[in-house]
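# Summary of the model geometry
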Amino acid sequence: MSWKFDESISRIYEGHVLQHIPLYEKTINYCLDYAENHIPKDAPILDFGCATGVTLRKFASRGWTNLWGVDSSPVMYQNYEDDIIKYSTNIEPEQYALTLCNWTLHFCPNKWLTIDQLLKCSKTLIISDKTLHSKQQEIAYEQWKIDQGCTREEVEEKKRSLQGIMYLHPVADYIDFLEKGLTEYQKRMDKLKN
Ligand SMILES: C[S@@+](CC[C@H](N)C(=O)[O-])C[C@H]1O[C@@H](n2cnc3c(N)ncnc32)[C@H](O)[C@@H]1O
């Protein structure tokens, strides 16, 4: 069965990411530290691919008050809705002081358009993502999951379920895109295809 961000995942989400996403807490703490130094507590912050809103709740507990969460699967956040975070399946027209886009773009078939859209509505954009890497890195990644308590069967099953629903690119493509912008990047990709 294909991987789905559904209600059953939303219930176990916070434990699941710790076993499946390397550097999860370190990355979120980096985002919080960045915001602590640069983003006023009332400035709008968007988490694109917010899942259950877990990251935004960390921002709320540190005093930020203008928090927006976007996720294409509303069942991920519906059981966690509160008066503090404004959730939606679409990006609301705002100028965000900070946008987080952590571990979401690899699920977006049109990720370059999505990044372009996020750049246009954000003063600062933080991206982290699953990228295309070598066989050795893949082996180390799977071993890391086992070290976190996953069984080999769970690792294999998750890999199978994700087949065909991830759109992976090397880090260099992201850097190239961010340096060149949408039009130039697309021109370059078209040239490589022909
Ligand atoms: C691995 S989780 C993201 C982790 C989250 N940012 C965090 O910090 O814990 C990926 C999320 O992206 C959402 N997602 C996938 N494709 C999306 C899209 N095109 N637009 C918005 N959200 C998307 C999924 O529903 C899921 O909740």
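The structure under discussion appears in the preceding block.
Residues numbered from 1 in each chain as written. Predicted model: local features only at pLDDT ≥ 70, side-chain atom pairs only at ≥ 80, totals over all residues.

We now examine the overall build of the protein. Counting its secondary structure elements, the protein contains 8 helices and 5 strands. Tracing the protein from N to C terminus, the helices and strands come up as α-α-β-α-β-β-β-α-β-α-α-α-α. The C-alpha atoms of the protein give a radius of gyration of 17 Å, which matches the 16 Å a tight globule of 194 residues would have. Dimensions of the protein along its principal axes, counting C-alpha atoms only, are 45 × 45 × 30 Å. Within the protein, buried positions represent 21% of all 194 residues. Taking the intrachain contacts of the protein between residues at least 6 apart in sequence as the baseline, contacts between residues at least 24 apart amount to 66%. (Helix = DSSP H or I, 4+ residues; strand = E, 2+ residues; numbered from the N terminus. Rg over C-alpha atoms; globule rule 2.2 N^0.38 Å. Buried ≥ 20, exposed ≤ 12 C-beta atoms within 10 Å, placed from the backbone. Contact = placed C-beta atoms within 7 Å.)

With that out of the way, let us pick up the site of the ligand. Taken together, 17 residues sit near the ligand, with F5, G49, A51, S72 and S73 positioned nearest. When grouped by side-chain class, the residues that make up the shell around the ligand number 10 nonpolar, 6 polar and 1 charged. (Near = placed C-beta within 6 Å. Nonpolar A, V, L, I, M, F, W, Y, C, P; charged D, E, K, R; others polar.)

This part takes up helix 8 (residues 182–193). End to end, helix 8 covers 16 Å across 12 residues, agreeing with the expected 16 Å (1.5 Å per residue, within 8%). Of all 12 residues in helix 8, 0 are buried, a share of ten percent or less. (Expected span 1.5 Å × (residues − 1).)

Attention now goes to the pairing of strand 2 (residues 67–70). Burial along strand 2 is two-sided: L67 and G69 facing one way and W68 and V70 facing the other are all buried. Bridge analysis of strand 1 (residues 45–48) against strand 2 gives 4 bridges, and the strand direction is parallel. Within strand 2, the position partnered with D47 by the bridge is G69. A crossover links strand 1 with its parallel partner strand 2, the connecting element being helix 3 (residues 54–61), and its sense is right-handed. The sheet contact formed by strand 2 and strand 3 (residues 85–88) spans 4 bridges and is parallel. (Pairing = 2+ DSSP bridges. Right-handed = clockwise from strand over helix to strand, strands pointing away.)

This next bit is on the nonpolar core. Formed by 26 residues in total, the largest nonpolar core has its most connected members in A35, I45, L46, F48, F59, L67 and L98. If we skip the residues at most four places from it in the chain, F59 touches L32, A35, I45, W64 and L67. (Core = buried A, V, L, I, M, F, W, Y, C linked by C-beta atoms within 7 Å.)

This part takes up the sheet that holds strand 2. An order of 3-2-1-4-5 is seen for the 5 strands of this open sheet, with the pairing classed as parallel. The strands lining the two open edges of the sheet, one partner per strand, are strand 3 and strand 5 (125–128). Put simply, the sheet's adjacent strands are angled 15° from each other on average, direction ignored. Contacts from helix 3 reach strand 1, strand 2, strand 3 and strand 4 (98–102) within the one sheet, and its direction differs from that of strand 2 by about 175°. (Axes fitted to C-alpha atoms, helices over the stretch in contact; angles between N-to-C directions.)

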